[in-house]
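Secondary and tertiary structure notes
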Number of protein chains: 2
Amino acid sequence: MMRRDRLVLAATLTALFSADFYFILLPKLRSRGQIWGHSCSCGPTNLTLPRHGGLASPRLSNWTSLELLLDADTPEPADGGSKLERLFAHSLYNIQTPVLGPEERLLQVEQLIEYYRKKVSRWERHMKLYSEVVAVSNITVTEHEVTYDPDASWLKFHLGISRYALYSRDDPAILQLLKEMQSMTVVSADYTQDEKALKGACDCTQVVKPSGHHLKLALKMRNFAKAMFKPMRQQRDNETPEDFFYFVDFQRHNAEIAAFHLDRILDFRRVPPVSGRLLNVTGEVLGVTHNEDLRAVFFTSPANNMCFFAKCLYMCKTEYAVCGSPDLLEGSLSAYLPGLSIAPRISIPNPWIRSYTFTGREEWEVNPFYCDTVKQLYPYNSGNRLLNIIDMSIFDFLTGNMDRHHYEIFTKFGDEGFLLHLDNARGFGKHSQDEMSILAPLSQCCIIKRSTLLRLQLLARREFRLSDVMRESLEGDPLRPVLTELHLLALDRRLQKVLRVVQRCVRRLGEDEVITRDFVKSTERPQTATDMKKSR
Amino acid sequence: MMRRDRLVLAATLTALFSADFYFILLPKLRSRGQIWGHSCSCGPTNLTLPRHGGLASPRLSNWTSLELLLDADTPEPADGGSKLERLFAHSLYNIQTPVLGPEERLLQVEQLIEYYRKKVSRWERHMKLYSEVVAVSNITVTEHEVTYDPDASWLKFHLGISRYALYSRDDPAILQLLKEMQSMTVVSADYTQDEKALKGACDCTQVVKPSGHHLKLALKMRNFAKAMFKPMRQQRDNETPEDFFYFVDFQRHNAEIAAFHLDRILDFRRVPPVSGRLLNVTGEVLGVTHNEDLRAVFFTSPANNMCFFAKCLYMCKTEYAVCGSPDLLEGSLSAYLPGLSIAPRISIPNPWIRSYTFTGREEWEVNPFYCDTVKQLYPYNSGNRLLNIIDMSIFDFLTGNMDRHHYEIFTKFGDEGFLLHLDNARGFGKHSQDEMSILAPLSQCCIIKRSTLLRLQLLARREFRLSDVMRESLEGDPLRPVLTELHLLALDRRLQKVLRVVQRCVRRLGEDEVITRDFVKSTERPQTATDMKKSR
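Residues numbered from 1 in each chain as written. Chains lettered and ligands numbered in written order. Predicted model: local features only at pLDDT ≥ 70, side-chain atom pairs only at ≥ 80, totals over all residues. Heavy atoms only, no water.

Overview of the overall build of chain A
- Regarding its fold elements, chain A presents 19 helices and 12 strands.
- Of all 536 residues assigned to chain A, the portion counted as buried reaches 57%.
- Across chain A, the fraction of contacts at a sequence separation of at least 24, relative to all contacts at a separation of at least 6, is 77%.
- Accessible area of chain A: about 23100 Å², with a carbon and sulfur share of 55%. (Helix = DSSP H or I, 4+ residues; strand = E, 2+ residues; numbered from the N terminus. Buried < 20%, exposed > 50% of the residue type's maximum accessible area, 1.4 Å probe, protein only. Contact = heavy atoms within 4.5 Å. Areas by Shrake-Rupley, 256 points an atom, 1.4 Å probe, with all protein chains shown as cover.)

What to know about the state of the cysteines
Residue and element names in this part refer to chain A.
- Summed over the entire model, instances satisfying the criterion amount to 6 disulfides over all chains.
- Note on cysteine connectivity: C307 is disulfide-linked to C323, with sulfurs 2.1 Å apart. The S-S bond linking C307 to C323 shows a torsion near 105 degrees; that makes this disulfide right-handed. Residue C307 is located in strand β6 (residues 306-308), and its partner C323 is located in strand β7 (residues 322-323); the two are separated by 16 residues in the primary sequence.
- Here C307 falls in the buried class, since its relative accessible area comes to 0%. (Disulfide = S-S within 2.5 Å.)

Quick look at helix α16 (residues 466-474) of chain A
- With 7 of 9 residues buried, α16(A) lies mostly within the body of the structure.
- Its buried side turned inward, α16(A) meets α3 (83-89), α8 (253-265), α13 (385-399), α15 (450-460) and α17 (485-509) of chain A.

A closer look at the environment of F358(A)
Residue and element names in this part refer to chain A.
- Along the polypeptide, F358 turns up in the loop between β9 (345-349) and α11 (363-366).
- Classification of F358 as buried rests on a relative accessible area of 17%.
- Between the C-alpha atom of F358 and that of F245, which follows or precedes it by 113 residues, the distance is 7.9 Å.

Regarding the pairing of strand β8 (residues 328-335) of chain A
Residues and elements named next belong to chain A.
- Across the 8 residues of β8, 6 count as buried, placing the element largely inside the fold.
- As defined by bridge partners, strand β4 (residues 274-280) adjoins β8 across 7 bridges and the pair is classed as antiparallel. Bridging from a neighbouring strand, S275 pairs with L333 of β8. (Pairing = 2+ DSSP bridges.)

Details of the side chain of K230(A)
All names here are of chain A.
- Looking at the element boundaries, K230 is found in strand β3 (residues 226-231).
- Within the structure, K230 has its side chain in polar contact with the side chain of Q251 (distance 2.8 Å).
- Not counting residues up to four positions away in its chain, the partners in contact with K230 are K216, Q251, H253, E256, E330, G331, S332, D423 and A425. (Polar contact = N/O pair within 3.5 Å; in protein donor to acceptor, adjacent residues only side chain to side chain.)

Here we look at the sheet that holds strand β3 (residues 226-231) of chain B
All names here are of chain B.
- The antiparallel open sheet is built from 5 strands, whose spatial order is β1-β2-β3-β8-β4. Each of the sheet's edge strands pairs with one partner strand only, and the pair in question is β1 (186-191) and β4 (274-280). Strand-to-strand, the axes of this sheet are offset by a mean angle of 35 degrees, without reference to chain direction.
- Inspection of the sheet shows strand β2 (residues 217-221) paired to β3 by 4 bridges, in the antiparallel sense. From the neighbouring strand, A218 faces β3, where its bridge partner is M228. (Axes fitted to C-alpha atoms, helices over the stretch in contact; angles between N-to-C directions.)

A few points about the sheet that holds β6(A)
- Here we have 3 strands laid out as an open sheet, ordered β5-β6-β7 (chain A), and antiparallel in their pairing. Looking at the sheet topology across the chains shown, the edges are occupied by β5 (298-300) and β7 of chain A.

Remarks on the nonpolar core
- Counting 136 residues, the largest nonpolar core has W352(B), F410(B), L466(B) and M470(B) as its most contacted members.
- Core analysis: the next-biggest nonpolar cluster, separate from the first, contains 135 residues, W154(A), A255(A), F428(A) and Y356(B) among them. (Core = buried A, V, L, I, M, F, W, Y, C linked by side-chain atoms within 4.5 Å.)

Things to note about the packing of helix α8 (residues 253-265) of chain B against helix α13 (residues 385-399) of chain B
All names here are of chain B.
- At their nearest, the axes of α8 and α13 sit 11 Å apart, and the two run at 135 degrees to each other. Taken together, the axes of α8 and α13 are oblique relative to one another. Classified by chirality, the crossing of α13 by α8 is right-handed. Together, A259, L262 and D263 of α8 and F395, L398 and T399 of α13 make up the contact between the two elements.
- For the contact of α8 with α13, the class distribution of residues is 4 nonpolar, 1 polar and 1 charged. (Parallel < 35°, antiparallel > 145°, perpendicular 65-115°, else oblique. Left-handed = near helix turned anticlockwise from the far one by under 90°. Nonpolar A, V, L, I, M, F, W, Y, C, P; charged D, E, K, R; others polar.)

A few points about the pattern of salt bridges
Residue and element names in this part refer to chain A.
- Inspection of the entire model under this criterion finds 44 salt bridges over all chains.
- Between K230 and D423 there is a salt bridge, with the nearest N and O atoms lying 2.7 Å from each other. Of this pair, K230 sits in strand β3 while D423 sits in the loop between β10 (406-410) and α14 (440-445), placing them 193 residues apart in sequence.
- In this structure, the salt-bridge partner of R471 is E485, at a minimum N-O distance of 2.8 Å. A residue pair is termed long-range when its members are at least 10 positions apart, and R471 in helix α16 and E485 in helix α17 qualify at 14 residues.
- E485 sits in the partly exposed class, given a relative accessible area of 40%. (Salt bridge = Lys/Arg side-chain N within 4 Å of Asp/Glu carboxyl O.)

Here we look at the packing of aromatic side chains
- Taken as a whole, this structure holds 22 aromatic pairs over all chains when the rule is applied.
- Judged by centre distance (6.2 Å) and plane angle (70 degrees), the rings of F410(B) and F418(B) are edge-to-face. (Phe/Tyr/Trp six-rings, centres within 6.5 Å; stacked < 30°, edge-to-face > 60°.)

Remarks on the environment of Y407(A)
All names here are of chain A.
- Relative to the elements of secondary structure, Y407 occurs in strand β10.
- A sequence separation of 59 residues divides Y407 from I348, and the C-alpha atoms of the two residues are 5.4 Å apart.
- Those residues within four positions of Y407 in sequence are excluded, and the remaining contacts are I346, S347, I348, P349, N350, P351, Y380, R385, I389, M392 and L419.
- There is a polar contact of 2.5 Å between the side chain of Y407 and the side chain of Y380.
- Of the polar contacts made by the side chain of Y407, one reaches the side chain of R385; its length is 2.8 Å.

Quick word on unusual backbone geometry
- Between S325(A) and P326(A) the backbone carries a cis peptide bond, its omega angle lying at -20 degrees.
- Looking at the secondary structure, you find P326(A) in the loop between β7 and β8.
- For the bond from R480(B) to P481(B), the omega torsion is -5 degrees, close enough to zero to count as cis.
- When you line up the elements, P481(B) lands in the loop between α16 (466-474) and α17 (485-509).
- With phi around 65 degrees, D267(A) is a residue other than glycine that occupies positive phi space.
- Relative to the helices and strands, D267(A) is located in the loop between α8 and β4.
- Unusually for a residue other than glycine, R465(B) sits at a positive phi of about 20 degrees.
- Residue position: R465(B) is located in the loop between α15 (450-460) and α16.

Considering the packing of α15(A) against α17(A)
Residues and elements named next belong to chain A.
- Two elements in contact, α15 and α17, have axes whose closest approach is 10 Å; the angle formed by their N-to-C orientations is 135 degrees. Between α15 and α17, the crossing angle belongs to the class labelled oblique. For the element pair α15 and α17, the recorded crossing hand is left-handed. Across the interface between the two elements, L453, L456, Q457, L459 and A460 from α15 touch L495, Q496, V498, L499 and V502 from α17.

Comments concerning the environment of V501(B)
All names here are of chain B.
- Within the secondary structure, V501 sits in helix α17.
- In this structure V501 comes out as buried when scored by relative accessible area, which is 5%.
- C-alpha of V501 to C-alpha of A440: the two residues are 61 residues apart in sequence and 10.0 Å apart in space.
- Excluding residues that lie within four positions of it along the chain, V501 makes contacts with M436, L439, L442 and S443.

Quick look at helix α6 (residues 172-181) of chain A
Residue and element names in this part refer to chain A.
- Within α6, burial applies to A173, I174, L177, L178 and M181. Seen end-on, α6 carries its buried residues on one side only, within an arc spanning 140 degrees. Facing away from the buried side of α6, by more than 90 degrees, are the exposed residues P172 and K179.
- The secondary structure elements touched by the buried residues of α6 are α5 (153-160), β3, α8, β4 and β8. (Arc of directions from axis to C-beta.)

Notes on the confidence of the model for chain A
Residue and element names in this part refer to chain A.
- On average, residues of chain A carry a pLDDT of 81, and 76% of them reach 70 or more.
- Here residues 202-212 is a poorly scored stretch, pLDDT under 50, and it has 35 contacts once near neighbours within four places are set aside; other chains count.
- Of the regions scoring below 50 in pLDDT, residues 519-536 engages in 32 contacts with residues more than four places distant in sequence or in other chains.
- Scoring of the predicted complex yields 0.78 for pTM and 0.72 for ipTM. (pLDDT = per-residue confidence, 0-100.)

The following block contains the structure:
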């Protein structure tokens, strides 16, 4: 076990160092000495990555042609082919993760199949009882047969979750799941668990709105896939009013979709699959819900559209309603993670949490040395946790999401588990503003994973350009265009700003201090801040 | 007393009959026989109205030229002069009301002056005490001296209220008050009485929102004028979403302003003066309020604008906030009516009230003979009350206001008092929709005051055109343009629809049944529906 870990570490470090050399050192040398001039970018550059023994690193013999491909001065390829495909074919996106041992997978097949079987039989018992209740009342509920399908794509998604990411780059189940979510038959609709926990009450002593506000729904599909539906609340070209605090901003279904694609393009793979979907709120929500409370919030609008409003008592008004046209409602559908009973997660406050009040200021907002404190504290004093926080802050900065108050991790993977990037619907609110404070973890700590930086640099290049690959990726969603051009272009501008922050850090502290190698294994004893510095 | 009333009645009937002859009968004859052809519209048509003994009616010798002036085929006057001035100079707008006896005025001078004096000295006592409180706390409140001014325009407005209207057509105090409201020094700001009555609680068992929702404020001016401020919530060109129920629609400050002008142009004069105003929410609200609760809802927005939100607990969120830019906030300022202690009013449910629920239907919506029931019921079974309701429904139809659940009258004038057209902020929500159900009182009862009809016909003519006189009238407001062109043009279209409804009634029931003479005096005993029909 330890041996394989070391092999992974060694291989990855080699790959990263090689990439680093060609991405960072060579361009620097070139810009100083103009040694390389304008190199020819022609010629085939078929990069094939050797795969052996569960490890992979770009063969060094390939680096020269790779460098040519990545030359900043290279014009856009004339063939107009898929930039996204070229991106995913790039060696940086093909550093293979090792074959996973059982303890590195979130779930075992037998365990999940057993869980699934139990769910199906519990559902069938419930439906039998429910049918009897319905028979004596005047409720009309459409009853769909559920199917037990051990090949369902959602099962494959759950089984593919590892200690490294929510899915592997080449997992065909993900694309299949995205496609299926667009048309899966809904057999049941209900409030989400957190809304049920509120029981219609609202804690209005806090300025923060309860999540019940957002009218999100938990949908169960015929094959037992579960997904969260967030309805469209805002037109694509509406910007968040400048006077809105981040915590009262709308949740945007398109932000939820775009965040999944961005996370995948950044190669984080920490957002569960999200697809756009047109839902028939009459047939696919009202007609299949067994929840009386949910049924009670449906009404027909003056324009004869079917609408429903939030359950929370203080929402007793149609301003918070969403309406179909007349039944069809646009929204995002996010695949559920495995249930907490088989894959427990913990929710941890973000060290760079914001003050959810009108006037409050958190320490990080007033203390420029805040990161020094964080670095001393468990679990940020060792391993990758702080670097993961910084990855997340870059992700959030690119989308403009200021609402990252907590993050979640799977308990199974302990402190070295990746951070889940859940709940991204408050991104993409303002294309015209770059909220630099979201980058505080990066700008205050001045560290970044080398692998993250390399991918950001790749995406800043004309041949891949973040806005272009995002546009292409989002084209696959049924609700295209998911983002307006202005939001897409903002991604490029923000990416430049991230790189400039890194540049400033490097200028101040030197590359060795700032650009940190990944896959640092946590040692047995918690490291101190001094240890951590040494380990870089 | 009776004699003067009879004189008024006789004079008015003569005037109305003459107008009727020329507006309705002659055009009809002409259109049938083409007797008149295209008459020459040239030549001066100086209409002077004789005034004698408190009565006035257009001299019959003038009717010929009047007819020429009103010829439907007359082109617009080439001089491009003021249509509004020409309208107000028209004989229909110069039927003089009699000199008012004390019992026909709402207030007596001595009574009001006494009331005013008391208010001033009570305020001075309050300020003395309050200064002492403020001195020991850390509140900063700007203290303005108040002035006692027996010539204040608001006093003149209050003194001018009669049993016929809120103000007389030629009262210079109204224009003066409108002008002064734009810049009067605010000495105190507070919640309105109805919001205080709510005490921050919200009845959410009802779908209807409490008025506390609307962030309206009561402002006291240096000379003790009082006005209600309704802040801007919506851009001029935003239409109410089609799925909104009338009872959750925003209140629009510009609708409040436009409604005053429309009411004046229709010669109803049942809306208290309303002016637009730019208010400095820091200096003119936060800085002068003595209400701790109000002070507590102010905050600075992320864009550094000064904002405040509604007091009602379930509004604990900035979505309901309004913000200055950075301090200046646009809004409507409506002059207060005399206090209830000296001029009591009663609030009466509109017989054509709507169901304030998602699914409810009121009787008038399902029973086409609803008006027959209403006509049997006191107070609609005698006098002008039902005709006044129909006037109000025409006014509301023109603005598109569906929210007329109650109306108020001054108790002093008893059942024959005019209906106050208060609270018009839910008009002008949709320019593209004409909500015919608002006209139900007219279309179901098929009666209309002759004087109202004549003015509507006048305003439908090209020389006066409702949209043109409204545009011109609203030009005088500091927040111009108050209405978008689309809303102005909707007025013309809706006016045509009102006239068509009348036409259909006339075709069905005949003119005598439909077009009812005004100024019907209530008899000593309540009339029955049969009596009422006879009296037409």
